[in-house]
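Analysis of the macromolecular model
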Amino acid sequence: MNYEIVEIFAIALFFISLFGLITSKGVIKGIVSMIIMEIAVVMFFLSLGFQTGILPPIGAELGDNVADPLPQALMITAIIIGVAVTAINMTMLIALSRQFKTTEWDILKKKNME
Amino acid sequence: MIYVLLIFWITSAILAIQARKLIRIIVYLAIFSTISAVCFFMFGAPDVAMAEVAVSSFSTVFMIVCFEKYFTLVTDVSPDAPKDLKFRYKLSKILPPVVFTLILAGLFIYFIPEGTVNTYLKDLYLERFRFDVGGENAVTSIYLGFRVYDTLFEALMLLISVVGVAHMSCRSEHEISGENFSGVTKSDSVDVYTIRIICPAMLIFGMYLVLNGHVSAGGGFQGGIAIASFFICRYLIYNVYDVRYGKIMSFEKMTFAAIALLASLFIFLGFYVQFPQIRTAYLISMNMLIAMKVSFGFIIIFYRYIAFERR
């Protein structure tokens with residue numbers, strides 16, 4: 001196993017927010033956990049191959065100590081898609097609270113059964 | 001240094017998950033996003049850091065706007081939940097998620113590949129991006145040249161999300177248009193004067209990011225969000241709501257069509273190889289189209305939230 005400490009932080013935060021998503025009593029906590037989960041994934045991909053004093057891949061002369069540009073290009077699109085997902089979640093939350101007057105999973109389940 | 005930042009990062013995330021009041025959740029999320037942007041910058045990714053800062057400030061504003069109407073900011077997230085329960089009941093609720101999460105984490109750690117990270121693609125891209133695509137910024141060259149499919153489908157995802165937000169909101173377009181809302185924001189306070197001064201600087205900064213995206217840090221997405229925040233400040237200053245949805249949405253769809261057309265002309269039909277002298281023009285125009293698309297999408301999302309709020 002070949003881990004940097006930075007990657008361990010990102011993986012730990014991913015699973016903490018997964019735990020928060022499972023045990024959330026309301027819809028808002030679920031949305032917040034999903035936002036945190038997405039940023040943890042971004043952090044994990046960017047921290048691959050991290051060294052102290054690493055340089056961005058910009059400029060005419062690139063040295064040896066340069067960050068990997070491929071995960072960065074993918075993660076920019078991932079962040080934009082993440083905010084799109086958050087906007088959809090918020091809209092569904094508002095529609096839910098308008099219809100059922102609550103955002104608790106237990107009460108929603110009971111109201112759905114009736 | 002980076003480890004201290006990471007400890008603060010993970011602490012603020014746990015606080016955001018654990019907090020019970022809505023305003024605290026929003027504040028902890030903002031702190032979390034800012035610290036993660038600083039971490040991205042230290043990982044050598046200024047583009048991602050800029051995108052993260054812009055997105056987090058935008059989402060903070062729209063979370064406040066969204067929660068302000070429907071929930072009170074200082075109340076609990078779950079006021080109806082029962083507080084005093086027996087310990088065994090709590091344990092039986094908590095234990096299965098803990099076991100499930102621990103099993104998943106163990107599987108993840110068990111299946112991680114051994115050995116160092118393969119740097120074949122990194123070396124290839126860093127060696128060839130200047131001759132194959134052009135520009136000085138490797139990240140921009142990758143998402144506009146080597147992996148342009150990703151950008152196309154990302155723009156499609158944003159378009160679908162905007163259509164979904166506009167579809168799921170209850171009020172129709174005719175109900176909204178022409179109304180002048182007077183509401184929470186006072187248009188003569190100190191904040192509004194500050195915003196009036198900052199506003200043009202924001203627009204110029206966004207345009208600089210877009211036009212300079214192929215030689216330095218920046219690009220279409222970041223500049224697009226900065227330009228969108230300029231138009232959002234218009235609401236904060238004048239406190240009016242008179243955006244024409246239909247036009248902006250059709251503009252956004254046309255911009256997406258233009259992005260797809262330009263990318264397919266240059267990348268898939270091989271204009272890139274035939275005319276190497278217009279590569280810079282391609283990069284700049286593609287960045288501008290992406291910025292227009294992203295800013296149209298974010299303007300529609302934000303004004304839909306305002307339409308929700310003021311009814």
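Quick note: structure is the one above.
Summary of the structure given here. (Residues numbered from 1 in each chain as written. Chains lettered and ligands numbered in written order. Predicted model: local features only at pLDDT ≥ 70, side-chain atom pairs only at ≥ 80, totals over all residues. Heavy atoms only, no water.)

Looking at the overall build of chain B
The helix and strand tally for chain B stands at 13 helices and zero strands. Order of helices (α) and strands (β) in chain B, N terminus to C terminus: α-α-α-α-α-α-α-α-α-α-α-α-α. Each of the 311 residues in chain B was classed as buried or not, and the buried ones make up 47%. Partitioning the intrachain contacts of chain B with sequence separation of at least 6 by distance along the chain shows that 76% fall at a separation of at least 24. (Helix = DSSP H or I, 4+ residues; strand = E, 2+ residues; numbered from the N terminus. Buried < 20%, exposed > 50% of the residue type's maximum accessible area, 1.4 Å probe, protein only. Contact = heavy atoms within 4.5 Å.)

What to know about a nonpolar patch on the surface
A cluster of nonpolar side chains, namely Ile22(A), Phe87(B), Leu91(B), Leu95(B), Val99(B), Phe100(B), Ile103(B), Leu104(B), Leu107(B), Tyr110(B) and Phe111(B), defines an oily patch on the protein surface of about 1100 Å² accessible area. No other element matches the nine residues that helix α4 (residues 87-110) of chain B contributes to the nonpolar patch. Inspection of the secondary structure puts Ile103(B) in helix α4. Looking at Ile103(B), the relative accessible area reads 51%, which means it is exposed. (Patch = residues over 30% accessible without salt bridge, like charges linked within 9 Å, V, L, I, M, F, W, Y side chains within 5 Å. Areas by Shrake-Rupley, 256 points an atom, 1.4 Å probe, with all protein chains shown as cover. Salt bridge = Lys/Arg side-chain N within 4 Å of Asp/Glu carboxyl O.)

Here's the deal with the pattern of salt bridges
All names here are of chain B. A complete count under the given rule lists two salt bridges over all chains for this structure. Here Arg147 and Asp150 are joined by a salt bridge, their closest N and O atoms 2.9 Å apart. Note on Arg147: relative accessible area 32%, which makes it partly exposed. Residue classification places Asp150 among the partly exposed residues on the basis of a relative accessible area of 25%.

Some remarks on the layout of surface pockets
Of the pockets and cavities examined, the second largest pocket occupies roughly 810 Å³. Taken together, 35 residues form the lining of the second largest pocket, with Leu48(A), Gly49(A), Phe50(A), Val117(B) and Asn118(B) sitting closest to its centre. Elements that contribute at least two residues to the lining of the second largest pocket include exactly α2 (27-46) and α3 (69-100) of chain A together with α5 (120-132) of chain B. With five residues, α3(A) is the single largest residue contributor to the lining of the second largest pocket. Residue classes in the lining of the second largest pocket are distributed as 20 nonpolar, nine polar and six charged. (1 Å grid on protein atoms, 1.4 Å probe; cavity = no way out; pocket = protein on both sides within 12 Å on 5 of 7 lines; lining within 4 Å. Points joined across faces, edges and corners; volume = space filled by probe spheres on them. Nonpolar A, V, L, I, M, F, W, Y, C, P; charged D, E, K, R; others polar.)

Observations regarding the packing of α2(A) against helix α1 (residues 2-18) of chain B
Interaxial distance between α2(A) and α1(B) falls to 9 Å at its minimum, and their mutual angle equals 160 degrees. Classed by the angle they form, the pair α2(A) and α1(B) counts as roughly antiparallel. Taken as a pair, α2(A) and α1(B) cross one another with a handedness that is left-handed. In this structure, α2(A) uses Lys29(A), Val32(A), Ser33(A), Ile36(A), Ala40(A) and Met43(A) to contact α1(B), whose residues at the interface are Leu6(B), Trp9(B), Ala13(B), Ala16(B), Ile17(B) and Gln18(B). Residues belonging to the contact of α2(A) with α1(B) are distributed by class as follows: nine nonpolar, two polar and one charged. (Axes fitted to C-alpha atoms, helices over the stretch in contact; angles between N-to-C directions. Parallel < 35°, antiparallel > 145°, perpendicular 65-115°, else oblique. Left-handed = near helix turned anticlockwise from the far one by under 90°.)

Things to note about empty space enclosed by the protein
Here the structure, examined in full by the defined rule, presents two cavities of 30 Å³ or more. Estimates place the volume of the largest cavity at around 180 Å³. Forming the walls of the largest cavity are 16 residues, and the residues nearest its centre are Ile35(A), Ser33(B), Val55(B), Ser56(B) and Ser59(B). For the lining of the largest cavity, the secondary-structure elements that each account for two or more residues are α2 and α3 of chain A together with α2 (22-42) and α3 (46-70) of chain B. Among the elements that make up the lining of the largest cavity, the one with the highest residue count is α3(B) (six residues). Here the lining of the largest cavity is composed, by residue class, of eight nonpolar, six polar and two charged.

Regarding the environment of Met63(B)
Inspection of the secondary structure puts Met63(B) in helix α3. Here Met63(B) falls in the buried class, since its relative accessible area comes to 4%. In this structure the C-alpha to C-alpha distance between Met63(B) and Leu22(B), which are 41 residues apart in sequence, comes to 9.7 Å. Those residues in contact with Met63(B) that lie beyond four places of it in its chain are Met90(A), Ile26(B) and Leu29(B).

Some remarks on the interface of chain A and chain B
In this assembly, 69 residues from chain A lie in contact with 89 residues from chain B. At the boundary of chain A with chain B, total buried surface from both sides reaches about 7200 Å², with 81% on carbon and sulfur atoms. Summed over the shared surface of chain A and chain B, the number is zero salt bridges. At the boundary of chain A and chain B, one finds five residue pairs in polar contact (both at pLDDT 80 or more). Listed by contribution, the elements that provide at least two residues to the side of chain A that touches chain B are α1 (5-22), α2 and α3 of chain A. Sort the elements by how many residues they give to the side of chain A that touches chain B and α3(A) lands first, with 22 residues. (Buried area = accessible area lost by both parts, 1.4 Å probe. Polar contact = N/O pair within 3.5 Å; in protein donor to acceptor, adjacent residues only side chain to side chain.)

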